[in-house]
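# A look at the structure
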Amino acid sequence: MLYLVGLGLSSVEDITVRGLNVVQKCARVYLEAYTSILMAASKEDLENFYGREVTLADRELVESSSDTILEGADKVDVAFLVVGDPFGATTHTDLIIRARSLGIPFEAIHNASVLNAVGACGLQLYNFGQTVSLVFFTDNWKPDSFYDRIKENRKIGLHTLVLLDIKVKEQSFENMARGRMIYEPPRYMNIETAASQLLEIEYVRKEEVYTDNTPCVSVSRLGSPDQKFVAATLGELSEIESGEPLHSLVILGHRTHEMEIEYLLDFATDKMKFQKAVETEVEAAVELPPPVTADEDDD
Ligand SMILES: C[S@@+](CC[C@H](N)C(=O)[O-])C[C@H]1O[C@@H](n2cnc3c(N)ncnc32)[C@H](O)[C@@H]1O
């Protein structure tokens, strides 16, 4: 059996009891090490906690050599550990499709993900639209497909969760050209870079999907003891110091419920300015049905 085991967001102890039991009985244990990081635990911490050896699985191993992970999984149990929830990143469905095609049974053991824990900032999960990813820009590569998705979300007043790039096991151009397997230190996008890149694309596209004055929330180290939220305009967030990773950003939609605002104001750097920015958004929006709140909804 192939087990995809969610590790939760922060500490070794965030694994579920069922997840831990599975890890301890598996013949091989892989840790997916490129879409997220367990903020308060190293590979060695995990090995000590599980009492098992853990093999780091980089992008190359998972995406191009997945047969190594799946080898013999029709006869023995193999665990594939994913920070957050196994379905919180788009890449792991590939591994399942490959397992299925080889006739290997699989089971997912779920856990908290950034995609649901983000509700801790006070914005209702029911009011989020499409999630987007933002990659590090280079001088000549500035992919902006996120802009159209944010536009769609904002048209109908929904919030957008922006996930930020992580670069691990990257080679410098020179090392790559010379075939040297030397890797750069890992890089994690911070809030100030994310906000600046978002604004950079707005200045080029000029469709007023969002502006300097758009209300946002920065979400840092969610699920850890030093979790932090900052409610501010996008322009303000481009100038803050967000500190240690991991970070995400939420761009508010105009259907923001008053309870969401009340909750968020506690995290505002400048409460009056933030409230004004939200009111400006709401006034500019077209008439739409009232937002759904958790207590009005049956789910
Ligand atoms: C590709 S997603 C993987 C999500 C993970 N599988 C999950 O279910 O939570 C990784 C991105 O999510 C965001 N993220 C993940 N964990 C986070 C956390 N604890 N706090 C803030 N952002 C987080 C960061 O932007 C990070 O680069």
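Residues numbered from 1 in each chain as written. Predicted model: local features only at pLDDT ≥ 70, side-chain atom pairs only at ≥ 80, totals over all residues. Heavy atoms only, no water.

### Remarks on the UniProt feature "binding site: S-adenosyl-L-methionine" (unreviewed entry) in the chain
The line we're drawing: UniProt positions are given in the numbering used here, feature names are shortened, and annotations may be inferred rather than shown by experiment. With a 1 Å grid spanning the protein atoms alone, the term cavity applies to any set of points in which a 1.4 Å probe fits but cannot get out, the term pocket to an open set with protein on both sides within 12 Å along at least five of seven lines, and the term lining residue to any residue with an atom within 4 Å of a point. Numbering of helices and strands runs from the N terminus, with a helix taken as a DSSP run of H or I at least four residues long and a strand as a DSSP run of E at least two residues long. Here, residues are in contact when the closest pair of their heavy atoms is within 4.5 Å. Each residue is assigned to one of three classes by its accessible area relative to the maximum for its type, calculated with a 1.4 Å probe on protein chains only: buried under 20%, partly exposed between the two thresholds, exposed over 50%. Under the rule applied, a polar contact is a pair of N or O atoms within 3.5 Å (in protein, one hydrogen donor and one hydrogen acceptor; residues adjacent in sequence only if both atoms are side-chain atoms).
In the numbering adopted here, UniProt assigns the feature "binding site: S-adenosyl-L-methionine" (unreviewed entry) to Leu9, Asp85, Gly88, Ser113, Val114, Leu164, Leu222 and His247. Filtering the just-named annotated residues for those lining the largest pocket gives Leu9, Asp85, Gly88, Ser113, Val114, Leu164, Leu222 and His247. Relative to the helices and strands, Leu9 is located in the loop between strand 1 (2-6) and helix 1 (17-25). If we skip the residues at most four places from it in the chain, Leu9 touches Asp14, Ile37, Leu38, Met39, Gly84, Ala112, Ser113, Val114, Ala117, Leu222 and Gly223. Position of Ser113 relative to the elements: it lies in the loop between strand 5 (106-109) and helix 6 (114-117). Of the residues examined, Ser113 reaches a relative accessible area of 7% and is grouped as buried. For Ser113, the contacting residues outside a window of four places in its chain are Leu9, Gly84, Asp85 and Gly88. A distance of 3.0 Å separates a polar atom in the side chain of Ser113 from the backbone nitrogen of Leu115.

### Observations regarding the sheet that holds strand 5
The following threshold applies: At least two bridges found by DSSP between two strands are what make those strands a pair. Here the axes come from fitting lines to C-alpha atoms, over the contacting stretch only for helices, and the angles between their N-to-C directions go from 0 to 180 degrees.
What the five strands build is an open sheet, ordered 3-2-4-1-5; its pairing is parallel. Every interior strand has two partners, whereas the edge strands, strand 3 (55-57) and strand 5, have only one. On average, adjacent strands in this sheet sit at an angle of 25 degrees to one another, irrespective of strand direction. Two elements, strand 1 and strand 4 (residues 78-82), share five bridges in a ladder whose sense is parallel.

### Brief notes about the sheet that holds strand 12 (residues 247-251)
The strands that make up a sheet pair up through hydrogen bonds in the backbone, lying either parallel or antiparallel. Pairing is mixed across the open sheet formed by five strands, whose spatial order is 6-7-12-10-11. In this open sheet, the two strands that pair with only one neighbour each are strand 6 (132-134) and strand 11 (228-233). Each strand axis lies, on average, 25 degrees off the axis of its neighbour in the sheet, ignoring direction. Pairing geometry for strand 10 (residues 215-220) and strand 11, over six bridges, is antiparallel. Each bridged residue has a counterpart across the sheet, and for Ser220 the counterpart in strand 11 is Lys228. Helix 9 (residues 191-205) contacts strand 6, strand 7 (160-164), strand 10 and strand 12 of the sheet and is inclined by roughly 40 degrees relative to strand 12. Across the sheet, helix 12 (residues 271-284) touches strand 10 and strand 11, and the angle it forms with strand 10 is around 125 degrees.

### Concerning the environment of Phe146
Position of Phe146 among the secondary structure elements: in helix 7 (residues 145-155). Here the alpha-carbon distance between Phe146 and Arg100, two residues 46 residues apart in the chain, equals 31 Å. Once residues lying within four places of it in the same chain are set aside, the contact partners of Phe146 are Val132, Ser133, Leu134, Phe137, Leu198, Ile201 and Tyr210.

### Brief notes about the packing of aromatic side chains
Test applied: Centres within 6.5 Å make a pair out of two Phe, Tyr or Trp rings, where for Trp the six-membered ring is used; the pair is then stacked when the planes are under 30 degrees apart, edge-to-face when over 60, and tilted otherwise. Geometrically, a charge over a ring is one whose NZ (Lys) or CZ (Arg) sits within 6 Å of the ring centre while staying within 35 degrees of the ring normal.
Across all of its chains, the model carries four aromatic pairs by this definition. Arranged with centres 6.2 Å apart and planes meeting at 65 degrees, the rings of Phe49 and Tyr50 form a pair that is edge-to-face. Given the relative accessible area of 33%, Phe49 is considered partly exposed. Ring centres of Phe229 and Phe267 lie 5.0 Å apart, and the angle between their planes is 55 degrees; this geometry places the pair in the tilted category. Of the two residues, Phe229 is situated in strand 11 and Phe267 in the loop between helix 11 (258-265) and helix 12; the sequence distance between them amounts to 38 residues. Its relative accessible area of 10% is what places Phe229 among the buried residues. On the basis of relative accessibility, which here comes to 22%, the residue Phe267 falls in the partly exposed class. Grouping aromatic residues by their ring pairs yields a cluster made of Phe229, Tyr263 and Phe267. Across from the ring centre of Phe136, 4.2 Å away, lies the NZ or CZ of Arg187, which sits over that ring.

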